[in-house]
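What follows is the residue order along each chain.
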Amino acid sequence: MEITNQPKRILRFKQVQELIPFSRSYIYNLISQGRFPAQVKLIEGGRGAGWWEHEIQDYINQRYTEHVAD
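Residues numbered from 1 in each chain as written. Predicted model: local features only at pLDDT ≥ 70, side-chain atom pairs only at ≥ 80, totals over all residues. Heavy atoms only, no water.

Participant: I keep staring at the packing of aromatic side chains and nothing clicks. Help me out?
Facilitator: Both the distance between ring centres and the angle between the ring planes are used here to describe each pair of aromatic rings. Summed over the entire model, instances satisfying the criterion amount to 4 aromatic pairs. An angle of 55° between the planes, with centres 6.2 Å apart, marks the rings of Phe 13 and Trp 51 as tilted. Taken together, the residues Phe 13 in helix H1 (residues 13-19) and Trp 51 in strand S3 (residues 49-52) connect sequence positions 38 residues apart. For the pair Phe 13 and Trp 51, one class covers both residues: buried. Here Phe 22 and Tyr 26 contribute two aromatic rings whose centre-to-centre distance is 5.0 Å and whose plane-to-plane angle is 90°, an arrangement assigned as edge-to-face. Judged by relative accessible area, which is 24%, Phe 22 ranks as partly exposed. Following the ring pairs from residue to residue traces out a cluster consisting of Phe 13, Tyr 28 and Trp 51. Arg 24 extends its terminal NZ or CZ atom over the ring of Phe 13, reaching a point 4.0 Å from the ring centre. (Phe/Tyr/Trp six-rings, centres within 6.5 Å; stacked < 30°, edge-to-face > 60°. Helix = DSSP H or I, 4+ residues; strand = E, 2+ residues; numbered from the N terminus. Buried < 20%, exposed > 50% of the residue type's maximum accessible area, 1.4 Å probe, protein only. Lys NZ or Arg CZ within 6 Å of the ring centre and 35° of its normal.)

Participant: Would you take a moment to explain the environment of Arg 9 for this structure?
Facilitator: As for its position among the elements, Arg 9 is in the segment before strand S1 (10-11). For Arg 9, a relative accessible area of 41% translates into the label partly exposed. Between the C-alpha atoms of Arg 9 and Trp 51, which are 42 residues apart in sequence, the distance is 8.3 Å. Ignoring anything within four residues of it in the chain, the contact list for Arg 9 reads Trp 51, Trp 52 and Glu 53. (Contact = heavy atoms within 4.5 Å.)

So this is what it looks like as structure tokens:
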């Protein structure tokens, strides 16, 4: 993982879907299988949730590396 001084951002579902065009149900299925980064709550005890941008970027980079290795 690359370490940078950029601030950490939380992405909402639509922002994640712009990076990875998976359906909502497919993303949640991957999360339940431990194959996709889990959401984080925006506010403790609240309903809103999102994904850490750096975890989504790591997922994309991992998928790219796996694809190139094939």
